[in-house]
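# A structural walkthrough
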Amino acid sequence: MIFDVQLAKNGEYTLSVNNINIYSMYNPRKDAEKFIIQAYNRDAEGYVLIGLGLGYHLEQLIKMNKKKKIFVLAFDKQEIEVFNKFSSRKHSIVADNVELIIEGNLRGQFLNFQMLIPFAVMKAIGYDHHLYPYLEDIKIRQMSNNTFGSIMKENFKGNIDNNDTSINSLYKQYIGKSAFLISAGPSLDSSMNIIEEIQEKVFVLCVGSALKVLLENNIYPDAVIITDPSPLVMKQISDADYDGMLFYLATANHEMTLTHVGERFIIFQEGYSLSEEFSKTHSIPLLETGGSVATTAFSLLEYMGFEKIFLFGQDLGFIGTNTHAMNSTSNVKIQETTIFRKVIANSGEYINTRADLDSFRRWFEKKASKTSMKLYNTALSGAKIEGIPYINENEILHILCK
Amino acid sequence: MEKLIKETIESYNEYLLKLPLGCQEIADNIRTDNLSGALKSILEFSEGAGWLINANVLLEKNSFSNPLNPEKINEFLTEINTGLEIQDYVLVADMFEYEIKPFFEESSFYRISELM
């Protein structure tokens, strides 16, 4: 890694790593303070700070917490040398509650510790760093919680009062059966015929953003799943004239749940404290959400006992700038100036992807390596998912109509 | 026409008054990793800055002069784009807090009395 230390405008040292600024060029200490003050969770059992840098983040963290353990990850020995040479707070790493770790394997070691990951540090180490995917998955969850934390709590309270059925009654009720999990990725547009043809032979579960596209194509899903806390999901179900099953996350938009006229099932998610408490006191299962509606749907189908799952519109990437199927309620055009990371598609081509989509891909790969279900991916132009092979229409027909 | 000019001047002054606070909010959102909020505000900022330049030019054509330095604003927008493209968000936050905010704090308002 390339470390570059310069004097900031206020006379303090500032740092860039691999040409990405870690701290402000004007007031580095104040910059780091703002991040720590906002991110700090006083209820955490301890803290893991990613990046030692010049010690500004650590300095603020010690100010706020003098007792609980703080682990600080330095990416290599050179980073420590830079710190020792330029930091005015060298004493901070010898504080009683601080332990420095160098390039260790972080996975699974710090349950209930808060990970403090400055975005700039992640950008600076780059996609190719072996810790990047791990840090990115955590960061995406944290940023989503920060954005939607209060609205999720409100939805949760409202949804509990719905008194809807939990998913207990569906546990392993579909053993030996097949399901289509339909998402709204760009490849969905080319799969409509096969879905329409076979819909009666399988259980069709679609994500909310695909519902109206399917209905317009004479496909009537058995169930729809909606997990988003934002009121924007209202449009996925309102005026859809759909009375199939609705599965929704306990934190999903409450108003949307009230709009649905068919049977409703509430899902409680792992890792969300209110859900976990409720699940414990009411003996209700928790599902792993994986961060997206499709990953939650995958966990649900596994819980219901399906033997085979066929993924449709699960592109986890996009060609050009369209993120979803053309008529999906979630389709957006990405600004063409954006620089995307690339992943290999089932077609062998490279396609664009985003941090969140790539994180979901990793989640699917992790799940695929552990599940006994047979999994198939129909998105030829979608990202290749290790453990979920591509399947064409003839092969689908062969499996389901033999 | 006079009514339209008066309304444009009022909107211009109102927007100019709010801009420094908006710049600080963008910088703070970036520094606390609220990137989605920051990016949304940056888009609004670039649209607002464009409107400000247009309004300034149109008012100038109607003999209401108030130097704004549109080249400098365009320079800011270009630098912001560069920062966003390379995803150097600290650089973008610095721009908003230490360059763009002071620039708009020092920009002058139109005097409504000129219309009377």
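Residues numbered from 1 in each chain as written. Chains lettered and ligands numbered in written order. Predicted model: local features only at pLDDT ≥ 70, side-chain atom pairs only at ≥ 80, totals over all residues. Heavy atoms only, no water.

## Re the confidence of the model for chain B
- Of the residues in chain B, 97% have a pLDDT of 70 or more, and the chain-wide mean is 90.
- Taken together, the chains of this predicted complex give a pTM of 0.74 and an interface ipTM of 0.87. (pLDDT = per-residue confidence, 0-100.)

## Some words on unusual backbone geometry
Residue and element names in this part refer to chain A.
- For Asn-163, which is not glycine, the phi torsion reads 55° and is therefore positive.
- Checked against the element boundaries, Asn-163 lands in the loop between helix H5 (132-160) and strand E8 (165-166).
- Overall, the relative accessible area of 69% leaves Asn-163 in the exposed class. (Helix = DSSP H or I, 4+ residues; strand = E, 2+ residues; numbered from the N terminus. Buried < 20%, exposed > 50% of the residue type's maximum accessible area, 1.4 Å probe, protein only.)

## Structural notes on the pattern of salt bridges
- Evaluated as defined, the whole model comprises 29 salt bridges over all chains.
- Between Glu-12 of chain A and Arg-29 of chain A there is a salt bridge, with the nearest N and O atoms lying 2.8 Å from each other. Of this pair, Glu-12 of chain A sits in the loop between strand E1 (3-7) and strand E2 (13-17) while Arg-29 of chain A sits in helix H1 (residues 28-39), placing them 17 residues apart in sequence.
- Taking the shortest distance from any N to any O, the salt bridge between Lys-34 of chain A and Glu-97 of chain B comes out at 3.9 Å. Of the two residues, Lys-34 of chain A sits in helix H1 while Glu-97 of chain B sits in helix H4 (residues 89-106), which places them in two different chains. (Salt bridge = Lys/Arg side-chain N within 4 Å of Asp/Glu carboxyl O.)

## With respect to the side chain of Gln-269 of chain A
Residues and elements named next belong to chain A.
- Of note, Gln-269 is situated in strand E13 (residues 264-269).
- Within polar-contact distance, the side chain of Gln-269 engages the side chain of Thr-251 at 2.9 Å.
- Polar contacts involving the side chain of Gln-269 include one to the side chain of Ser-275, which spans 2.8 Å.
- With residues near it in sequence (within four places) discarded, Gln-269 still touches Met-152, Leu-249, Ala-250, Thr-251, Ser-275, Glu-276, Leu-286, Leu-287 and Thr-289. (Polar contact = N/O pair within 3.5 Å; in protein donor to acceptor, adjacent residues only side chain to side chain. Contact = heavy atoms within 4.5 Å.)

## What to know about helix H2 (residues 56-64) of chain A
Residue and element names in this part refer to chain A.
- Along H2, seven of the nine residues are buried, which leaves the element largely enclosed by surrounding structure.
- By the burial criterion, the buried members of H2 are Tyr-56, His-57, Leu-58, Glu-59, Gln-60, Leu-61 and Ile-62.
- Those residues of H2 hidden inside the fold are in contact with E2, H1, strand E4 (46-50), strand E5 (70-74), strand E6 (98-102) and strand E7 (113-116).

## Section: empty space enclosed by the protein
- Applying the stated criterion across every chain, the model contains three cavities of 30 Å³ or more.
- Of the voids in this model, the largest cavity is the one considered here, and its volume is about 170 Å³.
- At the level of secondary structure, the elements contributing two or more residues to the lining of the largest cavity comprise H1 and helix H4 (119-125) of chain A together with helix H1 (2-31) and H4 of chain B.
- By residue class, the composition of the lining of the largest cavity is 12 nonpolar, two polar and three charged.
- Approximately 110 Å³ is the volume found for the second largest cavity.
- Along the wall of the second largest cavity there are 15 residues; nearest its centre are Val-17, Ile-22, Phe-75, Glu-79 and Val-121 of chain A.
- Mapped by element, the contributors of at least two residues to the lining of the second largest cavity are E2 and H4 of chain A.
- Across the lining of the second largest cavity, the residue classes tally to 11 nonpolar, three polar and one charged. (1 Å grid on protein atoms, 1.4 Å probe; cavity = no way out; pocket = protein on both sides within 12 Å on 5 of 7 lines; lining within 4 Å. Points joined across faces, edges and corners; volume = space filled by probe spheres on them. Nonpolar A, V, L, I, M, F, W, Y, C, P; charged D, E, K, R; others polar.)

## A word on the packing of aromatic side chains
- Summed over the entire model, instances satisfying the criterion amount to 28 aromatic pairs over all chains.
- An angle of 85° between the planes, with centres 5.5 Å apart, marks the rings of Phe-298 of chain A and Phe-364 of chain A as edge-to-face. Placement of the pair is Phe-298 of chain A in helix H11 (residues 293-304) and Phe-364 of chain A in helix H12 (residues 355-370), with a sequence separation of 66 residues.
- For Phe-364 of chain A, a relative accessible area of 0% gives the class buried.
- Ring centres of Phe-45 of chain B and Phe-96 of chain B lie 5.1 Å apart, and the angle between their planes is 80°; this geometry places the pair in the edge-to-face category. Placement of Phe-45 of chain B in helix H2 (residues 35-61) and of Phe-96 of chain B in helix H4 is noted, with a sequence separation of 51 residues between them.
- Ring-pair connections join several aromatic residues into one group, and the members of that group are Phe-45, Phe-76, Phe-96, Phe-103 and Phe-104 of chain B.
- Over the face of the ring belonging to Tyr-26 of chain A we find Lys-9 of chain A, whose NZ or CZ atom lies 5.0 Å from the ring centre. (Phe/Tyr/Trp six-rings, centres within 6.5 Å; stacked < 30°, edge-to-face > 60°. Lys NZ or Arg CZ within 6 Å of the ring centre and 35° of its normal.)

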